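Below, each chain spelled out in residue letters.
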Amino acid sequence: MSNWLKYVIAIASALALMLAIRTLVVSIHTVEGNGLSPLYENGDRLLINRCSYGLRIEGNGLLPYSRLMRSPVHRGDIVAFSHPAGVCIARCTAIPGDTIQTLDGLLTVPGIVNCAKADYYWLESVNPNNPADSRHLGFISEQHILGRVVSVLYNRHKLFP
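In this structure, what is going on with the environment of serine 125? I would like to understand it.
Structurally, serine 125 can be placed in the loop between β10 (120-124) and α2 (134-137). A relative accessible area of 5% means that serine 125 is categorised as buried. Each C-alpha atom, one on serine 125 and one on leucine 36, is 5.3 Å from the other, the two residues being 89 residues apart in sequence. Residues in contact with serine 125, not counting those within four places in the same chain, are Gly35, Leu36, Ala90, Asn130, Asp133 and Arg135.

Listed below in structure tokens is the structure:
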């Protein structure tokens, strides 16, 4: 085997491994809006652990959605979830089995009005006017939760004040 072919195979293997890790294990998302400000601000780049609640299996119509090595989302976790407008982040404030009540935009757990169904979560941002949380979208299915926010890779405002 020629020397250049060894390099091509090594580079192709490294790229395939990097793509698999980026797709299945971690991903990077940019915060849009100030829903969880001042913790996460508009333009921050976040590292999302896609395996934190189990490995997502999406069949794209061929297989049903499932998770391998499934673990539950905990109250207080900051999660990334898919939304028709893109990827959003919010804090989990109610888990399956909780009863909740909202009065004038404030959430009470335990409450008396709504009961979370199995595999549905109530996710809220700090900003009550943020259109990408459960106050506007209702319960968020576990199927739409991508993973837990691990850290901020960089904060644009702290780098360039």
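Having seen the structure, we can now continue with the description.
Sorry, what's going on with the packing of aromatic side chains here?
What characterises a pair of aromatic rings is the spacing of the ring centres plus the angle enclosed by the ring planes. By the definition in use, this model includes 1 aromatic pair. Seen from their ring centres, tryptophan 122 and phenylalanine 139 are 5.3 Å apart, and the 75° between their planes marks the pair as edge-to-face. Of this pair, tryptophan 122 sits in strand β10 while phenylalanine 139 is found in the loop between α2 and β11 (140-141), placing the two residues 17 residues apart along the sequence. Judged by relative accessible area, phenylalanine 139 falls into the partly exposed class, the value being 25%.

Help me understand the nonpolar core, please; the structure alone is not making it clear to me.
Most often, soluble globular proteins keep nonpolar side chains buried together rather than apart. Core analysis: the largest hydrophobic core is formed by 12 residues, namely Tyr53, Val73, Val79, Phe81, Cys88, Ala90, Cys92, Tyr121, Leu123, Ala132, Ile140 and Ile145. Those elements that provide at least two residues to this core are β5 (78-83), β6 (86-94) and β10. It is β6 that contributes the most residues to this core, 3 residues altogether. Not counting the four nearest positions on each side in its chain, isoleucine 145 is found in contact with Tyr53, Arg56, Arg67, Val73, Val79, Ala80, Phe81, Tyr121 and Ile140. Core analysis: the next-biggest nonpolar cluster, separate from the first, contains 10 residues, Tyr40, Ile48, Ile78 and Val149 among them.

About the cut-offs
- Residues numbered from 1 in each chain as written.
- Predicted model: local features only at pLDDT ≥ 70, side-chain atom pairs only at ≥ 80, totals over all residues.
- Heavy atoms only, no water.
- Helix = DSSP H or I, 4+ residues; strand = E, 2+ residues; numbered from the N terminus.
- Buried < 20%, exposed > 50% of the residue type's maximum accessible area, 1.4 Å probe, protein only.
- Contact = heavy atoms within 4.5 Å.
- Phe/Tyr/Trp six-rings, centres within 6.5 Å; stacked < 30°, edge-to-face > 60°.
- Core = buried A, V, L, I, M, F, W, Y, C linked by side-chain atoms within 4.5 Å.

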